[in-house]
Amino acid sequence: MLLVLFKLQNDDYAIDSKRVVEIIPFLQTQKIPMTPKYITGMVNYRGTPVPVIDLGLLLNDQVCQQLYSTRIILTSVTLGGNLRKIVGLLAENVTETIKTAKDWRPKATDKGPLFLDNALLNHSMVRWFEPEQMLPDDIPGLSFMD
């Protein structure tokens, strides 16, 4: 399994590369009025407006730093049945992938979605990032994409 690694402050995360549509550089976003702070705005992805979520704000209440390695991970999420939409995930240190022999899949725990599954990869604890379980159910800005 191929994983895309990223950081939020000092925490390491991984998302299955099959969930990644594209990784793009950090872009200036167009603000969406009256949305939560974690929505940094929208970007134009191949003619489609895509909301961008600052994962640092969403998960750690700290804005992602604007580093050379800060990227927007475009991922497809399923909403309301089988409706799939693209969402941008702003994260830091999106610079590497890792191939694992183990097929990582989240295991439900009583600690909530943030701690669904942890694994030790290259001597570092890495948290699994599953968009449907870690993103809000109602993402402001998706209505622009119809």
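This one's a predicted model, so the numbers in the text were calculated from it and none came from an experiment.

About the thresholds
Residues numbered from 1 in each chain as written. Predicted model: local features only at pLDDT ≥ 70, side-chain atom pairs only at ≥ 80, totals over all residues. Heavy atoms only, no water. Core = buried A, V, L, I, M, F, W, Y, C linked by side-chain atoms within 4.5 Å. Buried < 20%, exposed > 50% of the residue type's maximum accessible area, 1.4 Å probe, protein only. Helix = DSSP H or I, 4+ residues; strand = E, 2+ residues; numbered from the N terminus. Contact = heavy atoms within 4.5 Å. Pairing = 2+ DSSP bridges. Phe/Tyr/Trp six-rings, centres within 6.5 Å; stacked < 30°, edge-to-face > 60°.

S.K.: Residue-level account of the nonpolar core, with values.
M.R.: In summary, soluble globular proteins display a tendency toward joint burial of nonpolar side chains. Residues F6, L55, L89 and F129 are the most contacted members of the largest nonpolar core, which totals 31 residues. Sorting the residues of this core by element identifies β1 (2-8), β2 (11-16), β3 (20-25), β4 (39-45), β5 (48-54), α1 (55-60), β6 (71-79) and β7 (83-99) as the ones contributing at least two each. At five residues, the largest contribution of residues to this core is made by β7. Not counting residues up to four positions away in its chain, the partners in contact with F129 are F6, A14, I15, L55, L59, L89, M134 and L135. Core analysis: the next-biggest nonpolar cluster, separate from the first, contains seven residues, L3, A14, V126 and W128 among them.

S.K.: Account for the pairing of β4, naming residues and giving values.
M.R.: Of all seven residues making up β4, six are buried, and the element is well covered by its neighbours. Where β4 folds back onto β5 in an antiparallel hairpin, the turn is made up of two residues, including R46, whose phi is positive at roughly 55°.

S.K.: Give me the packing of aromatic side chains: which residues, what numbers.
M.R.: Within this structure, the stated rule accounts for two aromatic pairs. Ring geometry for F6 against Y13: centres 5.5 Å apart, planes inclined by 10°, an arrangement best described as stacked. Looking at Y13, the relative accessible area reads 0%, which means it is buried. For the pair F6 and F129, a centre-to-centre distance of 5.9 Å together with 75° between the ring planes defines the contact as edge-to-face. Linking F6 in strand β1 with F129 in the loop between β9 (124-128) and α2 (131-134), this pair joins segments that are 123 residues apart in sequence. Under the relative-accessibility criterion, F6 is labelled buried at 2%. Judged by its relative accessible area of 0%, F129 is buried. Taken together through their ring pairs, the aromatic side chains of F6, Y13 and F129 make up a single cluster.

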